[in-house]
Amino acid sequence: MARRSKLARVAALGLLGALTLSGCSVGTELFAIGWPAGITDEAQRMRDLWIGSSIAAMVVGVAVWIMIAWAAIRYRKRGTELPRQTAYNLPLEIVYTIIPFIIIAVLFFYTVTVQNRVQQRSDEPDVTIAVNAFKWNWQFVYPDTTDSNGGEPVSTVGDSTQIPILVVPVDQTIRFELASADVIHSFWVPEFLFKLDIIPGNENGRDNVFEVTVREEGAYVGRCAELCGTYHAFMNFEVRSVSGEDFEDYLAAREAGQTTSQALESIGQDGTATTTRPFELERQEHTALTGD
Ligand SMILES: [Cu+2]
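Residues numbered from 1 in each chain as written. Predicted model: local features only at pLDDT ≥ 70, side-chain atom pairs only at ≥ 80, totals over all residues. Heavy atoms only, no water.

**Quick word on the coordination of the copper ion**
Donor atoms from the polypeptide that coordinate the copper ion comprise His-185 (ND1), Cys-224 (SG), Cys-228 (SG) and Met-235 (SD), at 2.1 to 2.6 Å from the metal. Geometry at the copper ion is tetrahedral, judged from its four donor atoms and the angles of 93 to 125° they form at the metal. The sequence pattern formed by the donor residues of the copper ion is H-x38-C-x3-C-x6-M. Pair check on accessibility: Cys-224 and Cys-228 agree, each one buried. (Donors = N, O, S within 2.8 Å, 3.2 Å for Na, K, Ca; no water. Tetrahedral: all angles 85-135°; square planar, octahedral: opposite > 155°, others 65-115°. Buried < 20%, exposed > 50% of the residue type's maximum accessible area, 1.4 Å probe, protein only.)

Here it is, written out as structure tokens:
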């Protein structure tokens, strides 16, 4: 009896070890179960939480399957004799009430920790960008800059023929301050694994601000994630993450009077969006002509 329980314990430990090890290295993709990787520190934290939860769920699931199989085999019907009847095992009932409670408490602890990290705001972000949403496009303003043409801060605004490009540096904390000119929009960059509603009149609160640290250079599509009207679906933008040096050069070129497109080309980037394109005007023209 003693030997058997020792064996069972070794087997359980081995299983747990194998699951944990594979979860930490080769198996992360397996345990991510389709969860995307994302390009920010915050996205990575959320992914880690998800993978940890998957592994925990797998461990609990396997333990339950083993116990079910064991009970079914060990206590299967062997003859016609009625087995020993038992009821009200208080210690056992307490154990199976407490164990789920502990599991939920641990999951809750990690969830709150990650949530606080994702919503964390630094005292001094490296870059602040104002995002203004309107029906049906976006404006991105860099408040710490001055355009030599008019003395206003540098900004990029999209229209029906041009996708606005939001240029950000990598490896720096970026604060987005969201504002809406009309209805509720939602700022969503799928690769950030994050979106935030933009509620008109909320500009000076804390609910319209979030921060990320982007870790990968590239071009990523951004969208409005709140049904905001007829052309909601066309309210796309592009995030272009570049090195810190390129970002400085980009802003300097903008301050010197270059357009977004020219300034992007001056740092060796595509001048127009590569991940999405302006919506087709056909529908609009059709509507104008036929009235439906
Ligand atoms: Cu919108």
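Back to the write-up after that little detour.
**Examining the sheet that holds strand S1 (residues 127-134)**
Spatial ordering of the open sheet is given by S3-S2-S1-S5-S8, a layout of five strands whose pairing is mixed. Only two strands of the sheet have a single neighbouring strand rather than two, namely strand S3 (154-157) and strand S8 (209-213). Between one strand axis and the next, the sheet turns by 25° as a mean value, whatever way the strands run. With seven bridges joining them, S1 and strand S5 (residues 173-180) adopt parallel strand pairing. Directly across from Asn-132, in S5, lies its bridge partner Ala-179. (Pairing = 2+ DSSP bridges. Helix = DSSP H or I, 4+ residues; strand = E, 2+ residues; numbered from the N terminus. Axes fitted to C-alpha atoms, helices over the stretch in contact; angles between N-to-C directions.)

**Overview of the pattern of salt bridges**
One pass over the full model with this rule turns up five salt bridges. Measuring nitrogen to oxygen at the nearest pair gives 2.8 Å for the salt bridge that ties Arg-175 to Glu-211. On the criterion of sequence distance, the pair formed by Arg-175 in strand S5 and Glu-211 in strand S8 is long-range, its members being 36 residues apart. A residue is classified by how much of its surface remains accessible, and Glu-211, at 4% relative accessible area, is buried. For the salt bridge of Glu-238 with Arg-240, the shortest nitrogen-to-oxygen distance reads 2.8 Å. What makes Arg-240 buried here is its relative accessible area of 3%. Each of Asp-41, Asp-171 and Arg-215 takes part in one network of salt bridges that share partners. (Salt bridge = Lys/Arg side-chain N within 4 Å of Asp/Glu carboxyl O.)

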